[in-house]
Each structure stands twice: as C-alpha cells, then as structure tokens.
Amino acid sequence: MDAPQVPQVTITPEGGGSPREMRQEDWDDAAEGNLRRKLSNSSMSSTGSSAVESEDDLLSDNESKSEGIITLEHLVDSGESKPWWKLKAIVHWPFSVTQRRKLSWVQLAGHKGNFKAADEGNILKRFSENEMQCFEKLRNDALLPFVPGYHGTVEKDGESFLHMTDLLVNFDLPNVMDCKMGVRTYLEEELVRARERPKPREDLYKKMVEVDSDGPTAQEHSQRGVTKPRYMQWRESMSSTNTLGFRIEGIKKCDGTCRTDFKRTRLRQDVIQVFKDFVGGNVNIIKSYVSRLTEIQQAMKTSQFFRQHEIIGSSLLFIHDHTGNAQVWIIDFGKTTALPPGHTLKHDIPWKEGNREDGYLWGLENLIRTLESVGDQGTGGESFCSVTRANS
C-alpha cells in the first residue's frame, strides 16, 4: 500500500537561521532511518509542563504557551550540536510503529523547550527543584503507581533535567487529553504578589477580549488594561474550573488533529460532548478511564503526600489508542506546594483565600461522574485509527 501523502510544511530553527520547506525526500529519508541525521536534536514537546517562569509570566492560562505543536525527536544522543528544529504542522506519520514512537510527540500545554530526548522509553524534563522534591516524596506514597516513573536528575547540554518515563511509549497512535485539576490554577502567593503590583496591563486586556469581548468592565475598556489578579480570577471563571473543578486544556487525536480551544467550555453537557468525541463513543475506553480514576481517587484518600500538599496546576493525562489500551496519569508538580508542618488539606471544600484548599477531590468526583454520563450515552464501538496499521 502506498504511503499517505504528507502535507507541505515549513521547518524553522529555534535558534535562528533560514526556514525551509519540508520536502517529500525528507519523509523518504525518515522511513529509511535517516531523518534523525537531518533533524538531529529536534525540539520535543509534551502534554504538560512545569518550568519555573518569571513572575510576570505566571498566568493561569496557556495563551503564552506553545500549544498543539507536533515535533520530531530522536531518542539517541548523537553528541552533535545542531539547531533544534520544530515541525510546525499536523501530519499523518508514514512511519512504522517503532519509528513513530521514536519520532512523534505532541504538546497540548506547557512552555517550549522544557523537554529533551533521553534513552529509549524516557524523556528529560527541565529541572524544577519543587517538582524534584515532589517525586522524591512520592517514592514511598500511595500515589506512586499513578505518576510518571522518576529516575533521578541528569545533566545535558549544560542544563539539569528530571529523567522521567515517556508515558506515550506503549501506545500506537495515541489519543491524548490534558485535564487541569482543581478550582484554581494559581497559588495564593501568586495572587498576593500580583496585588502588590496592580498595574493595568494591555496584554492581559487583549487576551481577555479575545475570549470574551464583554469580559472587561467599562473602566477596563476605557483604559485598555486589566490587572493581573483580575485577569487570573476571570480566566478561571470562564471555564469548567469554576463550575466542575477541572477543565480540558487540550486534545490531540490519533489522526493528528489538535484542539486547545476550550477556554469557554464550562457546562457539564459541553464537557460530556468533548469526551464523547475524544473516545469516539467507545464505552470500553470510558470504562477503563473510570476504573483508573476511581483507583486514583482511593489512593488520594490514603496518600500522605496528597494530604500534606496544595496541588495547583497539576493535570490528569488521558491516553488511549485503537488497541483498547487506556491509562490516566497524574502529571505536573511544578506548583505543588508543601504545607507547613502539622497542616493538612481536605481537597473537597470551597476555596477561600487563606485556607489553601484546591478543590482537587471535588473536581475528580465531578470528572468521574461526567465520564459515567459519557458511558451511559456511548455506542460501544471500536476505537478509531486502527486502519493505520496497514501502513505500519
């Protein structure tokens, strides 16, 4: 069977240089294993990110992040120093299963450059002291089976990275969804710091207007500026973070399509429809997800780590493929903060500034109930993308 035609795309070096078109011979080389030589040290993205940002960039949304970029990455360090190339297009991979696992990755949320290649089956995530401490504490916790495998820290290209298991490695053409958990995605201390500099910002005003032209007040329209605390809290109120305690950040389907336009998805029925589309109406996938979420829920109720930490900005990563393989993982601990000694959180009561409650368990319960509703409306059909096996 002939390989599917690849759309024309453009490759741009991150560090500068002249862009060039991605030609068919590049894909032919890929099938022969030569692409890694041409695109050595290419940029890898991920479905989640927790890099430490400057205070001005600490926003509760992803508008400033690199969304939906599909990239190429070899998983063997060539030892050469070349530009990191980003493939800025959605393509249908004409590679074998093994090659796809080595070359494809998708970013739904997170900042560019946070991930690099590692040995087979693993990735490197830009070092965060806070996240490293979380992984160390999780080694002996009830939540260990539900977080990415952590293999310590490594140095690469003069930078420090967390050495972690690649959660996509055991999936063939995976479908991926990132759900941000909790009733807020900013720390209380971020809100306090933002109030110390309540300067109206035009960039935040523009972001607000892009989502909802009626969002700003008359005064904010007049000054064409919105303060950061106002923007942070408005952003949460627009999505299901406010109504359900979780929100969908992004979806990458097995056919290569990617969506991150969920900023105004806040009603339960709208979320149900998104999940139905994500699983293709497959009840078996939904049952697997519900089973895994229930296990996570029970583990959280016995977890010392969970009880003693404020879980902010963390996601649940949903992954399934046409074989029926389905998993959910807890990712991103960059903003997860330890409580003072002797303090604990319930995670299922309303947040009031000062109590540090994050609403994680409330959101998780709503998420489980939502998926059960999807299952009730499902068709039980097979998952999609299995036709691609003919090209493997």
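Preceding block: the structure.
Residues numbered from 1 in each chain as written. Predicted model: local features only at pLDDT ≥ 70, side-chain atom pairs only at ≥ 80, totals over all residues. Heavy atoms only, no water.

(A) Representation of helix α4 (residues 129-138). Considered for burial, the residues of α4 that qualify are E131, M132, C134, F135 and L138. Buried residues along α4 cover an arc of 160 degrees about the axis, so they all sit on one side. Buried residues belonging to α4 abut β7 (122-126), β8 (150-156), β9 (159-165) and α12 (304-307). (Buried < 20%, exposed > 50% of the residue type's maximum accessible area, 1.4 Å probe, protein only. Helix = DSSP H or I, 4+ residues; strand = E, 2+ residues; numbered from the N terminus. Arc of directions from axis to C-beta. Contact = heavy atoms within 4.5 Å.)

(B) Looking closely at the packing of helix α5 (residues 188-196) against helix α8 (residues 228-237). One can describe the packing of α5 onto α8 by two numbers: an axis separation of 8 Å at closest approach and a directional angle of 145 degrees. Across the interface between the two elements, E190, L191, A194 and R195 of α5 pack against K228, P229, M232 and Q233 of α8. (Axes fitted to C-alpha atoms, helices over the stretch in contact; angles between N-to-C directions.)

(C) Inspection of the nonpolar core at higher detail. In terms of nonpolar packing, the biggest core is built from 50 residues, with F275, L316, F318 and I330 touching the most fellow members. The dominant element in this core, judged by the number of residues it contributes, is helix α11 (residues 283-302), at 8 residues. Once residues within four sequence positions are removed from consideration, I330 is found in contact with L143, F146, V147, P148, I296, M300, S314, S315, L316 and Y360. (Core = buried A, V, L, I, M, F, W, Y, C linked by side-chain atoms within 4.5 Å.)

(D) Representation of the side chain of T370. The residue T370 is located in helix α13 (residues 360-377) in this model. Overall, the relative accessible area of 0% leaves T370 in the buried class. Discounting chain neighbours no more than four positions away, the residues touching T370 are F246, R268, V271 and I272.

(E) Region of the structure containing α5. Three or more residues of α5 are buried, namely E188, E190, L191 and A194. Buried residues of α5, viewed axially, fall in a sector of 160 degrees; they line one side. If you follow the buried residues of α5, they end up packed against α8 and β13 (309-310).

(F) Just the sheet that holds strand β15 (residues 326-331), in detail. Spatially, the 5 strands line up as an open sheet ordered β12-β11-β10-β14-β15, and their pairing is antiparallel. What marks the edges here is a single partner per strand, and that holds for β12 (258-259) and β15. When strand β10 (residues 175-181) meets strand β11 (residues 246-252), the two strands line up antiparallel, connected through 6 bridges. The residue of β11 that forms the bridge with V176 is K252. Set on the sheet, α11 makes contact with β14 (315-320) and β15; between it and β15 the angle comes to about 35 degrees. (Pairing = 2+ DSSP bridges.)

(G) Just the packing of aromatic side chains, in detail. Taken as a whole and assessed by the stated rule, the structure comprises 9 aromatic pairs. Measuring from centroid to centroid gives 6.1 Å for Y186 and W351, while their planes differ by 80 degrees, and the two rings are edge-to-face. Taken together, the positions of Y186 in the loop between β10 and α5 and W351 in the loop between β16 (337-338) and α13 put the pair 165 residues apart, joining distant regions of the chain. Exposure remark for Y186: the relative accessible area of 3% places this residue in the buried category. W351 sits in the partly exposed class, given a relative accessible area of 21%. Ring centres of Y289 and F318 lie 4.9 Å apart, and the angle between their planes is 85 degrees; on these two criteria the pair is classed as edge-to-face. Note that Y289 is positioned in helix α11 and F318 in strand β14, a separation of 29 residues in sequence. Of the two residues, Y289 and F318, neither departs from the other in class, the shared state being buried. (Phe/Tyr/Trp six-rings, centres within 6.5 Å; stacked < 30°, edge-to-face > 60°.)

(H) Representation of the environment of N284 within the structure. As for its placement among the helices and strands, N284 is situated in helix α11. What makes N284 partly exposed here is its relative accessible area of 49%.

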